[in-house]
Amino acid sequence: MNYSSIYQKLIKAYSLFPKYFLDGYGLWPIQVYVEVTYRCNLECEFCQFGGQRAPTDNELSADELREGLREVGRGAIISFTGGEPFVKRGFMGLLEGVSTRNRTHIFTNGTFITDDVAGRLVKLGARNIFDKGLVLIGVSLEGLEETHNTIVKRADAFQRTISALRSLVRHKRGKGKKFPLIEIKAVISEKNINEIYPLSLLAKEVGADIFNPMTMSTIPHESRTLDTYPSIFNPPPPVRGVETGLLKEQLDRIRNESNGIQIRTTPQGISFEEILRYYENRFSLKGYTCYFPWHGLGVSARGDVLVCPYIKIGNLREGGLRELFNNQKAREFRRRLKRHRIFPGCLGCCNLIR
């Protein structure tokens, strides 16, 4: 089952009515992204948050996040990311609590997932894609061992992540569970360009369900730690180029030599041809749009509530999600997005869809 395709159709259908008939209002969100912290035990070269150096002052506690998320409807999926979520004190308890009433999803580098933690995560697995519980674990793997450790600047990172993946798969098989699905995510860069296809083989070998070659976003996310949000009318900086001939060869091998694992791309559904154009800085936003402000919300580690990476509509310490979701600033931005359809700053955003 192609869950990415299903998700795109669902959010588009859910967003169309409020977009065209509710004059800036959105229905209650069905997708909430929560950045629980900007700290991380790794130092990925492309990360804009700073890894171990990221400031933690003024971050919401796990208890504050749990309380704020009580307003999210039970039908919504809540995605936890960072930084590295497992660096956050109390994160496992937060995840377990939220998973009793919502579908949940986590992005992690996997290095904190011991065999015991893997068992607890699998225990949270949803019975089906529509049920409460943990539905997806996205694990970052930026290359084969030497490349991955170089990119994340930690000598034992690869082995710890592979051990985590094997533990998750073993517990899933032991309990006969389909969920949580396990997704291996790799950001394409000049350092791993010749390892994208081998990574897809490794994903199958360890038992992952999905392999996701991701484009490198240059949208200035460091704004979340600086409390200054850039203009959506300015395009993000150009992506660092790669040898696109080699990248094409890698992507063609994934396409032509099916190895029994589902392939997903980020942004949602971007084609291999568009990935090549993206790394040549020739990618066109024509034909793309964004529905996220009508169906989703983001919550930063400092409590900022966002309807777009560029647009802060308030802070959890100043009001609840239900109060903020359709406030004046949110409605004005939805009207503006409806008029423009897309903005220069949207280039590379993972929420783009056709």
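Quick caveat: nothing in here was measured; it's all calculated off a predicted structure.

J.: For the pairing of strand E1 (residues 31-35), give the residues involved together with the corresponding values.
T.: Residues in a regular strand point their side chains to alternate faces of the sheet. The element E1 is largely enclosed, with a buried count of 5 among its 5 residues. Along E1, one buried face is formed by Gln-31, Tyr-33 and Glu-35 and the opposite face, lined by Val-32 and Val-34, is buried too. Bridging between E1 and strand E2 (residues 77-81) involves 5 bridges; their strand directions are parallel. Within E2, the residue paired with Val-34 across the bridge is Phe-80.

J.: Please give an account of the environment of Val-152 that cites residues and values.
T.: Looking at the element boundaries, Val-152 is found in helix H5 (residues 145-152). We classify Val-152 as buried; its relative accessible area is 1%. Distance from Val-152 to Phe-46, taken between C-alpha atoms, is 9.2 Å for residues 106 residues apart in sequence. Excluding its chain neighbours within four sequence positions, the residues that come into contact with Val-152 are Leu-42, Glu-43, Cys-44, Glu-142 and Ala-157.

J.: So what's going on with the packing of aromatic side chains? Which residues, and what values?
T.: The final tally for this structure, using the stated rule, is 10 aromatic pairs. Ring centres of Tyr-33 and Phe-292 lie 5.9 Å apart, and the angle between their planes is 40 degrees; on these two criteria the pair is classed as tilted. Linking Tyr-33 in strand E1 with Phe-292 in helix H11 (residues 292-295), this pair joins segments that are 259 residues apart in sequence. The two residues Tyr-33 and Phe-292 agree in class, both being buried. With 5.5 Å between their ring centres and 45 degrees between their planes, Phe-283 and Tyr-288 make a pair best called tilted.

J.: Mind laying out helix H3 (residues 91-98), listing which residues take part and the relevant values?
T.: Owing to its 3.6 residues per turn, the α-helix aligns residues three or four sequence positions apart on the same side. Within the span of H3, buried status applies to Phe-91, Met-92, Leu-94, Leu-95 and Val-98. Buried residues of H3, seen end-on, are gathered within an arc of 160 degrees and therefore sit on one face of the element.

J.: How would you sum up the environment of Met-214? Please name residues and give values.
T.: Within the element layout of this structure, Met-214 appears in strand E6 (residues 210-214). Sequence-wise, Met-214 and Phe-333 are 119 residues apart; in three dimensions their C-alpha atoms are separated by 28 Å. Leaving out residues up to four positions away in the same chain, Met-214 has contacts with Lys-185, Ala-186, Val-187, Ile-188, Thr-266 and Tyr-279.

J.: Hey, could you go over the state of the cysteines for me, with residue numbers and the actual values?
T.: One pass over the structure, following the stated rule, counts 0 disulfides. Between Cys-40, a cysteine without a disulfide, and Cys-44, which holds the nearest cysteine sulfur, the sulfur-to-sulfur distance is 6.0 Å. On the accessibility criterion, Cys-40 (14% relative accessible area) is buried.

J.: Account for the sheet that holds strand E9 (residues 304-308), with residues named and values stated.
T.: Strand order in the open sheet formed by 10 strands is E7-E6-E5-E4-E3-E2-E1-E8-E9-E10, with mixed pairing between adjacent strands. Across the chains shown, the open sheet's two edge strands, defined by having one partner strand only, are strand E7 (262-263) and strand E10 (311-315). Pairing geometry for E6 and E7, over 2 bridges, is parallel. When the sheet's bridge partners are listed, Phe-211 is paired in E7 with Ile-263.

Analysis parameters
Residues numbered from 1 in each chain as written. Predicted model: local features only at pLDDT ≥ 70, side-chain atom pairs only at ≥ 80, totals over all residues. Heavy atoms only, no water. Buried < 20%, exposed > 50% of the residue type's maximum accessible area, 1.4 Å probe, protein only. Helix = DSSP H or I, 4+ residues; strand = E, 2+ residues; numbered from the N terminus. Pairing = 2+ DSSP bridges. Contact = heavy atoms within 4.5 Å. Phe/Tyr/Trp six-rings, centres within 6.5 Å; stacked < 30°, edge-to-face > 60°. Arc of directions from axis to C-beta. Disulfide = S-S within 2.5 Å.

Shape is all these values report; function is a separate question.
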